[in-house]
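Chain by chain, the residues run as shown.
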Amino acid sequence: MSGEIKHEWPLFEVFVRAKRGLNHVHVGSLRAADHEMALHHARDLYTRRNEGVSIWVVKSDDVVASGPDDKDAFFGPSGDKAYRHPTYYAIPDSVPHI
Amino acid sequence: MSEQVFEATIAKDQRIEPRDWMPEGYRKTMIRQIAQHAHSEIIGMQPEGAWITRAPSLRRKAILLAKVQDEAGHGLYLYSAAETLGADRGDLTRRLIEGRQKYSSIFNYPTLTFADVGVIGWLVDGAAICNQVPLCRSSFGPYARAMIRICKEESFHQRQGYELLMTMMRGTPAQREMVQDAVNRWWWPSLMMFGPPDAESPNTAQSMAWKIKRHTNDELRQRFVDMSVPQAGALGVTLPDGDLRWNAEREHYDFGEIDWSELKRVISGDGPMNRERIAHRRRADEQGAWVREAAAAHAAKRQGVPA
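Keep in mind it's a predicted model, so treat the numbers as computed, not measured.

## Considering the overall build of chain A
Within chain A, the secondary structure is distributed over two helices and three strands. Scanning chain A from its N terminus toward the C terminus, one meets helices and strands in the order β-β-α-β-α. Taking 2.2 N^0.38 as the reference for a compact globule, 98 residues should give roughly 13 Å; the C-alpha atoms of chain A span a radius of gyration of 21 Å, well beyond that estimate. Summarising its shape, the C-alpha atoms of chain A cover approximately 65 × 35 × 15 Å along the three principal directions. A total of 98 residues make up chain A; the buried ones form 27% of that total. A separation threshold of at least 6 residues defines the contact pool for chain A, and within that pool the share at least 24 residues apart is 44%. A distance of 8 Å separates the average location of the 12 positive side-chain charges in chain A from that of its 14 negative side-chain charges.

Pasting the structure below:
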């Protein structure tokens, strides 16, 4: 959009652990002046109804991501490696506990 | 090649993500749709916010505060979703304040009594739910995910409104009259929330093909009428439409002609509250500027000092 107008505060990505024992999961993003404010805003914005027990915030600029064009190079090779899956191996039904 | 991937993704009912290739028209339409929705949430804080200080009990005040806070939250989820497409939220706010982007026409009506708070929850949020539930399946991933979160919270909004009205209907004749008066004022504007009739909605076909719109305006409007009639009956109010009656053949309620000239007038800026809503938003933006600047300056200063 219009390049010269920039928001005053940087963008942060927010990750919330829903309850003990689960991973932190990405829930969205927000704007804040610094990490501390980002944590407080994340609390108000993403956990108003007991959605979490722990929050991570990460500056969006610090996230390195694979792109849609990397899909084949990154994920294609695992397609022909069926031997990495347990169902690749035929075991007679008579063999127990395997 | 990229276009084929885009079309195939849509055809398989999978989601488009921000870094995927997408037609310029899709990007622009999504930014406009999400921004308009975000603006509606933010402007939508005003009609009910006006009653926070005058809520009749601590319970109602706490509920109303929570609801208005939710609206702010919804606006922020949506601005985040728009930013994934390269929009900038400061820029979007300026577009709103300068009248270059729109928000829902419904928020340009005044909230005259506390019954309006209940009717907004019941009818306006009810209509919003009709509109928004299908958008949880929008082809644009960040928007669909924001909508899922929003829909979960809207249900509280509608139920608190209906409960508020039930309470007033158990009260004095004057309170019941207040509820009926609020229903009379909000019913038709609520029907207008679904937008112009299908015949005059030129973008619908493209939006349906892109799966960023799942039902037509008239389909959703009918669904809302069908839902609302029994709810009005249970509440004991009359919907202000002499033509409203069950059509056994269609298995839907027939309803009267909507005053489309009113919708056009309100959308083009000439509703009862348009000027005040924008002036208020502009004032909030201007008066908050020093806080945003001070926080940024504080953060910059602290960054300069090694931790």
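## Observations concerning the overall build of chain B
Of the regular secondary structure elements, chain B holds 12 helices and two strands. Helices and strands appear in chain B in the N-to-C order α-α-α-α-α-α-α-α-α-α-β-β-α-α. Taking 2.2 N^0.38 as the reference for a compact globule, 307 residues should give roughly 19 Å; the C-alpha atoms of chain B span a radius of gyration of 21 Å, in line with that estimate. A total of 307 residues make up chain B; the buried ones form 54% of that total. When contacts within chain B are restricted to residue pairs at least 6 apart in sequence, those whose partners lie at least 24 apart make up 77%. Of the roughly 14,500 Å² of accessible surface on chain B, a fraction of 56% belongs to carbon and sulfur atoms.

## Thoughts on the confidence of the model for chain A
Residues and elements named next belong to chain A. Across chain A, the average pLDDT comes to 89, with 93% of residues at or above 70. Predicted confidence in chain A is weakest over helix α2 (residues 71-75), with a mean pLDDT of 85, and strongest over strand β3 (residues 54-59), with 98. Here residues 1-6 scores under 50 on pLDDT; set against residues more than four positions off or in separate chains, the count is 12 contacts.

## Things to note about the packing of aromatic side chains
Residue and element names in this part refer to chain B. This structure, assessed with the given rule, holds 14 aromatic pairs over all chains. For the pair Tyr26 and Trp210, a centre-to-centre distance of 5.5 Å together with 85° between the ring planes defines the contact as edge-to-face. Placement of Tyr26 in helix α2 (residues 24-43) and of Trp210 in the loop between α9 (204-209) and α10 (217-235) is noted, with a sequence separation of 184 residues between them. Across the pair, exposure class does not vary: Tyr26 and Trp210 are buried alike. On the basis of an interplanar angle of 20° and a centroid distance of 5.8 Å, the ring pair of Trp187 and Phe224 is categorised as stacked. Within this pair, whereas Trp187 is found in helix α8 (residues 173-192), its partner Phe224 is found in helix α10, the two being separated by 37 residues in sequence. Among the aromatic residues, those joined into a cluster by ring pairs are Phe6, Trp21, Tyr26 and Trp210.

## Observations regarding the pattern of salt bridges
Throughout the structure, instances matching the rule amount to 27 salt bridges over all chains. Of the charged contacts, one joins Glu153(B) and Arg49(A) as a salt bridge, the two residues approaching to 3.3 Å between their closest N and O atoms. Separated into two different chains, Glu153(B) in helix α7 (residues 141-169) and Arg49(A) in the loop between α1 (35-46) and β3 make up a pair that spans both. The class of Glu153(B) is buried, set by a relative accessible area of 4%. Residue Arg49(A) is classed as partly exposed on the basis of its relative accessible area of 33%. Several salt bridges converge on common partners, so that one network encompasses Arg48(A), Arg49(A), Asp70(B) and Glu153(B).

## Digging into α8(B)
Residues and elements named next belong to chain B. Compared with an ideal rise of 1.5 Å per residue, which puts 20 residues at 28 Å, α8 spans 30 Å between its outermost C-alpha atoms and is within 8% of the ideal. Within α8, the axis deviates most sharply at Trp186, by approximately 35°, and proline Pro189 lies no more than four positions further along. Taken as a whole, α8 has its buried residues at Val179, Ala182, Val183, Trp186, Trp187, Trp188, Pro189, Ser190, Leu191 and Met192. Buried residues in α8 make contact with α6 (114-132), α7, α10 and α11 (260-270).

## Quick word on the nonpolar core
Within the largest apolar cluster, 52 residues are counted, with the highest numbers of intra-cluster contacts made by Trp122(B), Val179(B), Trp186(B), Trp187(B), Phe224(B), Val237(B) and Leu239(B). Only α4 (58-83), α6, α7, α8, α10 and α11 of chain B provide two or more residues apiece to this core. Ranked by residue count, the leading element in this core is α6(B), at 11 residues. Ranked by size, the runner-up nonpolar core spans 39 residues in total, among them Ala38(A), Leu45(A), Tyr26(B) and Ala87(B).

## Some points on the interface of chain A and chain B
Tallying the contact residues gives 27 residues for chain A and 30 residues for chain B. For the pair chain A and chain B, the two sides together bury roughly 2,300 Å², of which 49% comes from carbon and sulfur. Among the ionic pairs, Asp70(B) bridges to Arg48(A), the shortest N-O distance being 2.8 Å. Seen at the junction of chain A and chain B, the total is 11 residue pairs in polar contact (both at pLDDT 80 or more). Those elements that provide at least two residues to the side of chain A that touches chain B are β2 (24-31) and α1 of chain A. By residue class, the composition of the side of chain A that touches chain B is 12 nonpolar, five polar and 10 charged.

## Comments concerning the side chain of Ser207(B)
Within the secondary structure, Ser207(B) is located in helix α9. Apart from residues no more than four positions distant in its own chain, Ser207(B) is found in contact with Thr29(B), Ile212(B) and Lys213(B).

## Some points on the environment of His26(A)
Residues and elements named next belong to chain A. Relative to the elements of secondary structure, His26 occurs in strand β2. You can call His26 partly exposed: its relative accessible area is 43%. If sequence neighbours within four positions are ignored, His26 has contacts with Glu13, Val14 and Phe15. In terms of polar contacts, His26 uses its side chain to reach the side chain of Glu13, at 2.6 Å.

Each value, and the rule that gives it
- Residues numbered from 1 in each chain as written.
- Chains lettered and ligands numbered in written order.
- Predicted model: local features only at pLDDT ≥ 70, side-chain atom pairs only at ≥ 80, totals over all residues.
- Heavy atoms only, no water.
- Helix = DSSP H or I, 4+ residues; strand = E, 2+ residues; numbered from the N terminus.
- Rg over C-alpha atoms; globule rule 2.2 N^0.38 Å.
- Buried < 20%, exposed > 50% of the residue type's maximum accessible area, 1.4 Å probe, protein only.
- Contact = heavy atoms within 4.5 Å.
- Lys, Arg positive; Asp, Glu negative; His and termini not counted.
- Charge placed at Lys NZ, Arg CZ, Asp CG, Glu CD.
- Areas by Shrake-Rupley, 256 points an atom, 1.4 Å probe, with all protein chains shown as cover.
- pLDDT = per-residue confidence, 0-100.
- Phe/Tyr/Trp six-rings, centres within 6.5 Å; stacked < 30°, edge-to-face > 60°.
- Salt bridge = Lys/Arg side-chain N within 4 Å of Asp/Glu carboxyl O.
- Expected span 1.5 Å × (residues − 1).
- Bend = angle between axes of the 7 residues up to and from the residue.
- Core = buried A, V, L, I, M, F, W, Y, C linked by side-chain atoms within 4.5 Å.
- Buried area = accessible area lost by both parts, 1.4 Å probe.
- Polar contact = N/O pair within 3.5 Å; in protein donor to acceptor, adjacent residues only side chain to side chain.
- Nonpolar A, V, L, I, M, F, W, Y, C, P; charged D, E, K, R; others polar.

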